[in-house]
Amino acid sequence: MSLQVEVTIMSGVDDGQHLDLALDNGDGQFDGRRWTLNIGRREDSDICLRHDMFVSRLHAHLHFDGSDWQLEDLNSTNGTFLEARGEDERVTGTVAIQPGQLFRIGRTWLQIEREP
Amino acid sequence: MTTILLRDILVNARQETVQMRHYYIGVEHLMIALLQIQGGLAGSILQEQGLTPDYVIEAIRRKAGKGSAQRMWVGIPTTPRAELVQDIAKEFALEDGRDEPNERDLLKAIVSERNSLPIRVLSALGVDLDWLAYAANTYLPTTEAYPPDTAITFGADFDRDFVIEREHLFILRRMFASYPRIRIERRLTGFRKALILVVTPIQADEREAAPVVAKIDLADNILDEVQRYEMHVKSALPLQAARLEDQPTAPDASDLAGIKYTLVASVGMDAQDLRSYVRAQGVDNLGQHLKQELYTRFCKNWWLQNREYTFQAWMEYDWLLPPLLVLDFADDTVPPPNAFVLRIPLNRAKARTRLHELQSGDVVILENFAVQRVDREENVLKLAMGYGSEADKRAHKVEVRGVNLTENLYYRGEIIERLVGRVWKTRHEMLMDAVHDLHPDFHPRQKWIPIGRGRVVNPLHVYEDLLDRHVTGSQSKIHGDLHLGNVLIGPNNSMWLIDFGHTRDGHTLFDWATFEVSLLGDAVMLGLDDSWDTARRVLRHLLALHGKVTPPVDDEILPAIGVVSAIREIVGECLAVSNRWEEYYIALALCAIRAFTWKTMSLGGRRLMFLLAGLMALELSRPIQPDALTPSPEDIDFSVGPSASTPKTEVFHNLFSSDTPDEGITQPHPPDASRQMDEPES
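Quick caveat: nothing in here was measured; it's all calculated off a predicted structure. (Residues numbered from 1 in each chain as written. Chains lettered and ligands numbered in written order. Predicted model: local features only at pLDDT ≥ 70, side-chain atom pairs only at ≥ 80, totals over all residues. Heavy atoms only, no water.)

Peer 1: Mind showing me how you'd approach the domain arrangement of chain B here?
Peer 2: How big an interface is tends to be stated in terms of accessible area lost as the parts join. Residues and elements named next belong to chain B. Along its sequence, chain B is organised into domain 1 (6-138), domain 2 (151-270), domain 3 (321-427) and domain 4 (438-655). Each of domain 1 and domain 2 has a C-alpha centre, and the two are 33 Å apart. Opposite the 12 residues of domain 1 that make contact, domain 2 presents 10 residues. Surface buried jointly by domain 1 and domain 2 totals about 890 Å² across both partners, of which 45% is contributed by carbon and sulfur atoms. Of all residues in domain 1, Q47, G50 and Y55 give up the largest surface area on contact with domain 2, accounting jointly for 52% of the area buried on that side. Between the two partners, domain 1 and domain 2, sit zero salt bridges. At the surface where domain 1 touches domain 2, the tally comes to four residue pairs in polar contact (both at pLDDT 80 or more). Those elements that place two or more of their residues in the side of domain 1 that touches domain 2 are α3 (41-48) and α4 (53-64). Broken down by class, the residue content of the side of domain 1 that touches domain 2 amounts to five nonpolar, five polar and two charged. (Domains from an automatic or database assignment. Contact = heavy atoms within 4.5 Å. Buried area = accessible area lost by both parts, 1.4 Å probe. Salt bridge = Lys/Arg side-chain N within 4 Å of Asp/Glu carboxyl O. Polar contact = N/O pair within 3.5 Å; in protein donor to acceptor, adjacent residues only side chain to side chain. Helix = DSSP H or I, 4+ residues; strand = E, 2+ residues; numbered from the N terminus. Nonpolar A, V, L, I, M, F, W, Y, C, P; charged D, E, K, R; others polar.)

Peer 1: Would you mind showing me how to read empty space enclosed by the protein here?
Peer 2: Rolled over the atoms, a probe as big as a water molecule pinpoints where empty space is left. A complete count under the given rule lists two cavities of 30 Å³ or more for this structure. For the largest cavity, the calculated volume is near 370 Å³. Elements with a minimum of two residues in the lining of the largest cavity: β12 (108-112) of chain A together with α4 of chain B. (1 Å grid on protein atoms, 1.4 Å probe; cavity = no way out; pocket = protein on both sides within 12 Å on 5 of 7 lines; lining within 4 Å. Points joined across faces, edges and corners; volume = space filled by probe spheres on them.)

Peer 1: Explanation requested: the nonpolar core in the structure shown.
Peer 2: General note: in soluble globular proteins, nonpolar side chains tend to be found buried as a group. Residues and elements named next belong to chain B. The biggest cluster of nonpolar side chains holds 121 residues, and the ones touching the most others in it are W303, W512, Y584 and F596. Once residues lying within four places of it in the same chain are set aside, the contact partners of W303 are L294, Y295, F298, S476, K477, I478, L482, T508, D511, W512 and C574. Residues L6, L35, A59 and A89 belong to the second largest nonpolar core, which totals 48 residues. (Core = buried A, V, L, I, M, F, W, Y, C linked by side-chain atoms within 4.5 Å. Buried < 20%, exposed > 50% of the residue type's maximum accessible area, 1.4 Å probe, protein only.)

Peer 1: Would you mind showing me how to read the packing of aromatic side chains here?
Peer 2: Any two aromatic rings considered together are summarised by their centre-to-centre distance and by the angle between their planes. As enumerated under the stated definition, the model contains 22 aromatic pairs over all chains in all. Judged by centre distance (6.2 Å) and plane angle (55 degrees), the rings of W35 of chain A and W69 of chain A are tilted. Residue W35 of chain A is located in strand β4 (residues 35-40), and its partner W69 of chain A is located in strand β7 (residues 69-73); the two are separated by 34 residues in the primary sequence. One exposure class covers both W35 of chain A and W69 of chain A, and it is buried. Consider the rings of W532 of chain B and F610 of chain B, whose centres lie 6.4 Å apart with planes at 80 degrees: the pair is edge-to-face. Remark: F610 of chain B occurs in helix α21 (residues 603-620) and W532 of chain B occurs in helix α18 (residues 532-545); sequence separation between them is 78 residues. A relative accessible area of 5% places W532 of chain B in the buried class. We classify F610 of chain B as buried; its relative accessible area is 1%. (Phe/Tyr/Trp six-rings, centres within 6.5 Å; stacked < 30°, edge-to-face > 60°.)

Peer 1: Hey, could you run me through the environment of Q49 of chain B in this one?
Peer 2: All names here are of chain B. In this structure, Q49 sits in the loop between α3 and α4. Its relative accessible area of 18% is what places Q49 among the buried residues. Distance in space between the C-alpha atoms of Q49 and L132 is 9.5 Å, their sequence separation being 83 residues. With near-sequence residues (within four places) excluded, Q49 lies in contact with G126, V127, D128, W131 and Q247.

Encoded structure:
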């Protein structure tokens, strides 16, 4: 199984930037069951949001089990959110997320791209 | 038309990004800059969809959020997406044989790249993106090609003493621009900027179209109402109901906007609101009509669509009371080390103690409050716990006066990390002022208010305990502002609701508590004098509804009490737990406290509201069902939950449970004995 994904930054100073992530390039961890990507402000994060002061050092995880994606908030200070009509929905613990669906880490919106 | 070039637009975009503390140029700044052009393309196009540029700008700012005080890079870079959008705009210009993109090229480029934040905001506001792309390509700004003024005439029922302001007339003419003439039949309600009229449009051949209800208000309120209607009301309306027609009319030249509601009724129908109806016809059979028409028609989709909901009363009712604090802006002050920090999320128990100790002039630091409204006319920043129409978001209001609103950018929904102010007034002082305005015949600080040989509780002693109470109730879609003026009555006593500006999901009984307060203030007190004696007489009739005393026979008051009784029957059907009236009494107590602070209610009405709040507090303090086997502790103890241990609550608890056991209004009680002062008046 080839583990790779494209994540796009959807707001902030890096709005529009595409991040190509692949296990083969050393992105994320695979524990035999699922692939996990780190999101945070730390330089060694797989998805590094260094310009957003509202992002925690280790803020959230994206998990992929080969078919479905999950988003996990790691008790971040300013929260992880899913886009919803009206107010954004705050994530506690782990929730399912679809490619194309927007999620917010601190102030930065992100999106997992649908497969080409 | 002058051509506005990309470089001109970038000047605005840079200013916007600095004010928002973003320090980069993103598509959101480009879009806002386009919308800020007076009479510009983007603004004109969105106006066709009934959106004002300011309304859209604020929605984009809310979505983006203000940056932090720290600047993390030098210069003002452009985001990859904004680069892309500008490249697309340049291609559009080149295709057209021009070197530099203009306003239209940029708008077309923003619309073609569908993933940007401003485009997502427009989509959430209900703008059809395909239509927008088409309009961006083809729209030609017209030079105000409106037909000659729509003539405005007035029907026989219009109150000639009421003057409609020029700005409102301007909006009306725009709303009915396709008719040569309109006739304003009557004014339903009118309060400050908000005006609701019944209007008959008349065609060129003198044929009359069906009358509609036209509402004019501040553009923000009208556009919020449209959003709310789409979200809450549209799918939940019974067949015969007022419906929103067309797009709102929101001209650039005015702060006001207008919408029309159709009544789905025969031409020539004379719609009248209940307040005027009661004045003209009295209240005979009104209770029956309310139950059969209004309640039966709306309950299935609204109040009976309820779900269990356990909440602390403040979550639904705190916003009704005066603000926690009114502050004078003092951001240049270095706060003393012991300055009171009022932080969202609020620790209510702690805040309650500190708020009571605050003196005028004390420094207070606010953290994480949301901007509810920027009132430029009064120069006041209105803050609350959050932003939105739900009651808990509007709780814990704080008003800040004297903010420099021209130099500092604030937008609705902004979360302000920190703001320093000095106390001007506390909620308690404002409530105390309201009681003084009633010219009480008792001491405003005493615990008990005498009623004949009995007494009720002084609401000023208990409102905080009421707010802390846990309520077992239900939530449903509610109208949110169900007063007599918002119910129309037509032929055969059919009834419609109008004005969905406050419709939301909330405590089911809020609507009926609001309605009872309105009924008491507007109908029951009508024609009665303003004296405390009369207010007490009416209260005794209300008490009779609780079966505690034999109903007095007072022909002046009884028919109206019959209507209150009908409301209570409706409430009985909506209670979350049958026969557990605490849920309603707490709603009514807090709605009544709000009402006695209203300057617009008659003095007699406000006096009655004060006493009613006291009666409800008294009812809440003891077992409501005398026939129940054993009253649960909640029936007696006001203070369920963590706040039970605070000293103030103890005092309050004693007030009800041990001081005078099982005593209420009917027990003989010498008024003099209750005239002991709680504390000296400062």
